[in-house]
Amino acid sequence: MVSAGRPSAPRFEHRTEDLVVLGLGEPSPRLSWKIPHASEGFLQTAYELEITRGESVERFTAASSEQLFVDWPSEPLSSRERVTVRVRVAYYSDWSEWSDESVAEVGLLNAGDWTGQFISPMGLGGLDAGAPTLSGWLEVPRGAVKARLYATAHGVYRAHLNGKPVSDAVLAPGWTSYEHRLRYHAYDVTSLVQDGANTLDFTLGNGWYRGRLGWEGKRAIYGERLSLLAQLEVTMEDGRCLILATNGEWTAKESEIISDDLYDGQRTDLWNAEVRASTGTVPVEVVDEDYGRLVAQEGPMIRPIGVLPAQRIWSSPAGRTLVDFGQNAVGWVRLRVRGLTAGSEVVVRHAEALEDGELAIRALRSAKAIDSYIVAGVNVETLEPAFTLHGFRYAEVSGVPDLRVEDLETVVVGSDLPCTGWFSSSHELLNRFHENVVWSTRSNFIDVPTDCPQRDERLGWTGDIQIFAPTASFLYDVTGFLASWLADLSAEQLPDGSVPHVIPDVIRSELMSSPAAAWGDAAVIVPWTLYQRYGDVGILHRQFGSMRAWVDGVLRIVGPDRLWSGGFQYGDWLDPAAPPEDPFRAKADPDVVATGHLARSLQIVAEAANILGRIEEAKRYAGHAEDVRAAFAQAFVTPSGRVLSDAQTVYALALEWSLLPDQDQRRRAERRLADLVRASGFHINTGFVGTPLICDALTSAGHPELAHSLLLQTGCPSWLYPVTMGATTIWERWDSMLPDGRVNQGEMTSFNHYALGAVADWMHRSVAGLAPASPGYRTMIIRPQPPEALHSAAVRHLTPYGEASVSWQRRRGRFRLDVTVPVGTSARVYLPDSADFVHVRHGTHQWDIAFPDGHPDRPRALEFGDSDHPYGGNQHEGDAHKRQRGDAAPHCSALS
Ligand code: BGC
């Protein structure tokens, strides 16, 4: 009998929690599920959803093969409503068992659901003052059965109910474009409520709202006043609801935090904390705010996501105590001190690298990155901040005479994104490189996709995420995270369609909001990437207006010749030819880069319009794309296939974005790109724009071996050069650290920028060989291109349908390929160097063919002749849930 195992419990929208979701913001949430295993031949032909709302149980059946984002079949949910959903699936009349139940509780959907008011302390918590603690009280008689806390703030908050943290999340409510969207969160605090008096305390830090942001030294960009909105709702046995909501009756006092800033660090006074808290309770004031801006969370909260124990302590040439945590990361240092004199001071400074044996703090520019503590002097004290973040591998600690390595650890902090992608190979440097990409993703996905986590920026640079989104969406589930950021982007887009270069826009200058190719194109490319990788048409619906506005705006400025020339452009930012002090001066002509992007974005908008059924618009944008491509070819390409400025990047983009309509020109351009790569001695010469494209361009031009030479190059500039220099994250520039160990003098010298790691997406798709062929990986192309220097590679990805994996090994003249295809999907499998493919459905599949070692040539002979495909030896196993054999599963990072 053909049948499926139990599907997974349905997922609500993009929420990533297991089983129970709180504060759902969508009254008609779309549902998705996976089918972990099924017998051979199974196809979902129908599903049934069971939705329990209070006493009523509703069942909805649909004849459909859809498993992702199926429409909510019931009436819209209302605020606070709790709903339980399960699903079962059928192959004609054979039904699976019911899935586990998943539960969601709706948040506060309407402004009128809030009885709380925004409150701000009077006489405390001023711009240069410490973090205030705001408190309210509620008497709860015996018989509380449920308690929910809803909260948000201007600033960031730490919340305690009866002295216990309400959650392990930090820096809530995170960072959104606060003028347009202020996120609130919902917490289950049932277990913290006690009979009798209950105290709710919120300490407010500056965070993104009022702290320093940007390199111009600006602070309090959103406002000068911290404020809090909170509502504790306690449901009693008899159905009554007791509410403690922020209002004018709350009070405020000082906390132990004397100053706090995301860039500069936190100063904490544990010595006088109690004295300060017991004196000077002040009233709060109700402040007027717009509740229409409140939005529910879409992605995960920011949390401590791991710890890194210190590796080594030593004394620097200048006599300072330095600590190495062995890994560049983001978070803070937690240290234990013993027996210090009350009132003495402990200071922790942070840096990503060492120079001349001391912390290389110049790269932090104006960010101080210092945490300091006035200790209470009790026997053992654990010191850690709450309202700051640092990007660092090394720390310098002063004030602790007998510092021990076991007393120090890095608390790694970031958005709590589920890990969904793994890669490994027989090449150690390459594995470390991939690990570095993972760490730089972790370090820069902190509510907003940032450029870097350490210096006076840490901003949502649109260009960086535009090029990195495919890699990120392989490594982590970033749907809710990026959907939220895209909502900010739409909200901040200017009426003429221009996209500020950083989102949320804290720079707010005309120049930094002017249309800039590759950066503004994030409005089009990021939603398109999410659609392709997660199969969510909803994101296209939501973003289509923004996508269209961007290309319309650019079309208006390009004029009748359809060339985007002049104006402010970043071009192929930070290519190795650009001098350290002038990252704009890349070899690729900025007009070529800009016009190429316009053609690409127009093409995407045309395709998106088609998918959305906007046929007339689809035709119009396809026509514009055609015109721009023709203009590009005419203006920038010579008949012999040379593209203007003759740089690796211009060929890569012209080839990858189909900008060379003439086949002959295309062939010549392919040859020229190959020649340039050879002439460079197999060194990468691309900046942000060309880096994610060049290996794909070489591969599709029939030169994977050149892409492999670039990838495995270790001299500077190259992807592996930083690895040979001991890098543990991806650097901003190819030579952030120079071969002699000095830190690059350029302003742009971060050691933790994901942008140049964007090649990892090609590694997954081409080196290991797992690529999506249709949205959400519903169909896949499995086509490993084994580099000569590798004996094996493996990749694993939790697609929206379930786990897909590819693992190949080349040994003693044989090539072995193991493939897992999840239920609901299918794959075209190509064996090396062949244009023929085999079509496979869910399950595990295996090939073992003759393939001379050291020669990525055609397979020598076919030895398993008992199957119906050209390679033979396809051993099918029906149950896709089995772990793949062979190499141990590669791991995502030390944290997973
Ligand atoms: C950032 C980049 C960003 C760039 C734009 C830099 O300061 O760190 O990653 O995209 O500016 O030019």
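Structural data are supplied above this passage.
As a convention, each chain's residues are numbered from 1 in the sequence order in which they are written. Only residues with pLDDT of at least 70 are given local features in this predicted model, and only at 80 or more are side-chain atom pairs given and counted; all residues enter the totals for whole chains, interfaces and linings. Only hydrogens and water are set aside; all other atoms, that is, all heavy atoms of the structure, feed into the side-chain values.

1. A closer look at the state of the cysteines
Disulfides are defined in this document as cysteine sulfur pairs within 2.5 Å. Applying the stated criterion across every chain yields a total of zero disulfides. Of the cysteine sulfurs around Cys 695, a residue in no disulfide, the closest is that of Cys 716, at 17 Å. Accessibility expressed as a relative area gives 30% for Cys 716, which makes it partly exposed. To sort residues, take the accessible area from a 1.4 Å probe on protein chains only and compare it with the maximum for the residue type: under 20% means buried, over 50% means exposed, and anything in between is partly exposed.

2. Topic: unusual backbone geometry
The amide bond that connects Ile 503 to the next residue, Pro 504, takes the cis arrangement and shows omega of -5°. Mapped onto the elements of the fold, Pro 504 is located in the loop between helix H5 (479-492) and helix H6 (522-534). Between Cys 716 and Pro 717 the backbone carries a cis peptide bond, its omega angle lying at 0°. Along the chain, the position of Pro 717 falls in the loop between helix H13 (704-712) and helix H14 (721-724). Its identity as a non-glycine residue notwithstanding, Phe 69 has a phi of 50°, on the positive side. Tracing the chain through its elements places Phe 69 in the loop between strand S5 (56-62) and strand S6 (82-91). Classification of Phe 69 as buried rests on a relative accessible area of 14%. The backbone of Tyr 777 sits at a positive phi, close to 65°, despite the residue not being glycine. With respect to the helices, strands and loops of the structure, Tyr 777 is situated in the loop between strand S37 (770-772) and strand S38 (779-782). Under the relative-accessibility criterion, Tyr 777 is labelled buried at 1%. Here a helix means four or more residues in a row that DSSP labels H or I, a strand means two or more in a row labelled E, and each is numbered from the N terminus.

3. Concerning the site of the ligand
We call a residue near a molecule or strand when any one of its heavy atoms sits within 4 Å of it. Asp 451, Arg 455, Glu 457, Trp 461, Asp 464, Trp 519, Tyr 570, Trp 573, Phe 688, Glu 732, Met 748 and His 753 make up every residue found near the ligand. In the model, an oxygen atom of the ligand is placed 3.4 Å from a nitrogen or oxygen of the Glu 732 side chain. Across the complex, the protein chains shield 98% of the 310 Å² of accessible surface that the ligand would expose by itself. Here the residues of the shell around the ligand sort into six nonpolar, one polar and five charged. Polar contacts here mean pairs of N or O atoms no more than 3.5 Å apart (in protein, one a potential hydrogen donor and the other a potential acceptor; neighbouring residues in sequence count only if both atoms are side-chain atoms). Here the accessible surface of atoms and residues is derived via Shrake-Rupley with a 1.4 Å probe, and residues count as covered only by protein chains that are part of the display. Each residue is assigned to one class: nonpolar for Ala, Val, Leu, Ile, Met, Phe, Trp, Tyr, Cys and Pro, charged for Asp, Glu, Lys and Arg, and polar for all the others, Gly among them.

4. Topic: the layout of surface pockets
Method remark: on a 1 Å grid restricted to protein atoms, a set of points is classed as a cavity if a 1.4 Å probe fits but cannot get out and as a pocket if it is open with protein on both sides within 12 Å along at least five of seven lines; lining residues have an atom within 4 Å of a point. Grid points are joined across faces, edges and corners, and a volume is the space filled by probe spheres set on the points. Reported here for the largest pocket is a volume of approximately 1,400 Å³. If you go around the largest pocket, you meet 44 residues; those closest to its centre are Gln 532, Arg 600, Glu 656, Asp 696 and Arg 765. Those elements giving two or more residues to the lining of the largest pocket turn out to be helix H4 (462-475), H6, helix H8 (590-611), helix H10 (648-656), helix H11 (663-679), helix H12 (694-700), helix H15 (760-768) and S37. In terms of residue count, the dominant contributor to the lining of the largest pocket is H8 (six residues). Class assignment of the residues belonging to the lining of the largest pocket gives a composition of 21 nonpolar, twelve polar and eleven charged. Those domain boundaries reflect an automatic or database domain assignment. Looking at which domains feed residues into the lining of the largest pocket, each of domain 4 (421-764) and domain 5 (769-888) gives three or more. Size it by volume and the second largest pocket reaches roughly 980 Å³. Lining the second largest pocket are 40 residues; nearest its centre among them are Arg 11, Arg 15, Thr 16, Glu 17 and Asp 18. Put simply, the parts of the chain that give the lining of the second largest pocket at least two residues each are strand S1 (11-12), strand S2 (20-24), strand S15 (185-188) and strand S39 (792-799). Residues that form the lining of the second largest pocket fall into these classes: 21 nonpolar, ten polar and nine charged.

5. Description of the sheet that holds S38
The mixed open sheet is built from four strands, whose spatial order is S37-S38-S42-S43. Every other strand in the sheet has two partners, leaving S37 and strand S43 (837-840) as the edge strands with one partner each. Each adjacent strand pair in this sheet contributes to an overall mean axis angle of 25°, direction not counted. Where strand S42 (residues 826-830) and S43 come together, four bridges link them in antiparallel fashion. Bridged to Arg 828 within S43 is His 839. Strand pairing is assigned whenever DSSP identifies at least 2 bridges connecting the two strands. Every axis corresponds to a line fitted to the C-alpha atoms, with the helix fit spanning only the stretch in contact, and the corresponding angles, defined between N-to-C directions, vary from 0 to 180 degrees.

6. Things to note about the packing of helix H3 (residues 428-444) against H4
How two helices pack is summed up by the angle between their axes together with the distance between the axes. Relative to each other, H3 and H4 sit at 95°, their axes nearing to 11 Å. Taken together, the axis directions place H3 and H4 in an arrangement best described as roughly perpendicular. Here His 434, Val 437, Val 438 and Thr 441 of H3 lie close against H4, whose contacting residues are Phe 468, Thr 471, Ala 472 and Leu 475. For the contact of H3 with H4, a count of residues per class yields five nonpolar, three polar and no charged. Working definition: roughly parallel below 35 degrees, roughly antiparallel above 145 degrees, roughly perpendicular at 65 to 115 degrees, and oblique for all remaining angles. Contacts: residue pairs with any heavy atoms within 4.5 Å of one another.

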